[in-house]
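# Tertiary structure, described
Chain by chain, the residues run as shown.
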Amino acid sequence: MIPQYASALLISDLHLTPSMPLTAQRFFDFCEKDAPKVDSVFILGDLFEYWVGDDAALHSPFQQEVKRALATLSTKVKTYYLHGNRDFLVGDQFLSKTGMTLMSDPSKVTIAGSEYVLCHGDSLCTADIGYQVFRGWVRKSWIQKLFLRLPLHWRRSIASQLRSNSGAQYQRSIKSSIKGAQAKTDVTLEACAAVLAAQHANLLIHGHTHLPAHHQEHLKNQEWQRWVLSDWDLDHPESGRPRASALLIDQNGVRYADLIKS
Ligand SMILES: [Mn+2]
């Protein structure tokens, strides 16, 4: 059971990697300056670009630096994390050193008196049947155990192959003029309605789709609000859309905090 908090910052999809130093620096600044202003911080998955095992992190100065930033933050505020589709192998060994508490996906939390359902978001993309089949397999613990026993260079090459496949599919769906292809990588109303009904709630927060927005939605006689977190990218100015934001919840309500301007 997660305790209630008066205020929270929620982030996801930072995709931290040494090859995106400006994004990583904004995360370190976030841990030092922004996050300690609230009671609780929730990281809703895909904090890392990829994760092939806690043992690999021991050899990565970058991942050790992220670990130290989180550990310091966890001494100041309560920190929570749930797995994304890229970093679902982040394990107890790493997490225990960050001081973060692992949440299940979905989880219900009370912030400033309202109940929110939190999830990464990939489980809501139910129009993408191929992905859901893949997700079902890679989330099986015996598959994960087998993978983690492979030599590190095999794991890295499998992870990189999977990333380039999903990246190519994402690019195709963005460029596609066919509405169906875009909808395939977004959440479905049916999945949102189902997760909220199961959790007895009507406020949903997730990341994953990289489509930050506040939605008022309904299906049959069920109504809800949904906030989508932004991904972060300060390292590709040529994309014309540098981005880093968090969702801030306190007694004044829910709003996006732009971490580029502040
Ligand atoms: Mn994701």
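This part covers the pairing of strand β8 (residues 213–219). Counting buried residues in β8 gives 0 out of 7 residues, a small share hidden from the surface. Two elements, β8 and strand β9 (residues 222–228), share 7 bridges in a ladder whose sense is antiparallel. Residue pairing across strands places leucine 219 opposite glutamine 222, the latter belonging to β9. Between β8 and β9, which follow one another and run antiparallel, lie 2 residues, and lysine 220 among them has a positive phi close to 55 degrees.

On to the sheet that holds β8. Taken together, 5 strands build an open sheet; the order of strands is β5-β6-β7-β9-β8 and the sheet is mixed. Two strands close off the open sheet at either side, each with one partner strand: β5 (107–111) and β8. Put simply, the sheet's adjacent strands are angled 30 degrees from each other on average, direction ignored. Here 4 bridges tie strand β7 (residues 203–206) to β9, and the two strands are oriented parallel to one another. When the sheet's bridge partners are listed, isoleucine 205 is paired in β9 with tryptophan 227.

Pairing is mixed in the open sheet, where 6 strands are placed in the order β4-β3-β2-β1-β10-β11. One side of each edge strand has no neighbouring strand; the edge strands of this open sheet are β4 (101–102) and β11 (253–258). Relative to β4, strand β3 (residues 78–81) runs parallel, the two being bridged by 2 bridges. If you follow tyrosine 81 over to β4, its bridge partner there is leucine 102.

Further remarks concern the nonpolar core. Core analysis: the largest hydrophobic core is formed by 57 residues, its most contacted members being Ala8, Leu10 and Leu118. Apart from residues no more than four positions distant in its own chain, alanine 8 is found in contact with Val38, Asp39, Ser40, Val41, Phe42, Ile111 and Ile249.

Before going further, it helps to examine helix α1 (residues 21–34). Over its 14 residues, α1 extends 19 Å from the first C-alpha to the last, a length consistent with the 20 Å expected when each residue adds 1.5 Å. Buried residues of α1: Thr23, Ala24, Arg26, Phe27, Phe30 and Cys31, and no others. For α1, the arc enclosing every buried residue in end-on projection is 160 degrees, short of the 170-degree limit, so these residues lie on one face. Across from the buried face of α1, at angles greater than 90 degrees, the exposed residues are Pro21, Gln25 and Lys33. Buried positions along α1 lie against α3 (61–74).

This part is about unusual backbone geometry. Note: most peptide bonds trans; most residues except glycine with negative phi. A cis geometry characterises the amide bond from aspartate 105 onward to proline 106, with omega recorded as 5 degrees. Phi angles above zero are rare outside glycine, and histidine 208 is one such case at about 80 degrees. Locating histidine 208 in the fold gives a position in the loop between β7 and β8. Take histidine 208: there are 26 C-beta atoms within 10 Å of it, and that puts it in the buried class. With a phi close to 60 degrees, histidine 210 is a non-glycine residue in the positive phi region. By the element assignment, histidine 210 lies in the loop between β7 and β8. What makes histidine 210 buried here is the crowd of 20 C-beta atoms within 10 Å.

Criteria and thresholds
Residues numbered from 1 in each chain as written. Predicted model: local features only at pLDDT ≥ 70, side-chain atom pairs only at ≥ 80, totals over all residues. Buried ≥ 20, exposed ≤ 12 C-beta atoms within 10 Å, placed from the backbone. Helix = DSSP H or I, 4+ residues; strand = E, 2+ residues; numbered from the N terminus. Pairing = 2+ DSSP bridges. Axes fitted to C-alpha atoms, helices over the stretch in contact; angles between N-to-C directions. Core = buried A, V, L, I, M, F, W, Y, C linked by C-beta atoms within 7 Å. Contact = placed C-beta atoms within 7 Å. Expected span 1.5 Å × (residues − 1). Arc of directions from axis to C-beta.

Don't take any of this as a statement about function, it's just geometry.
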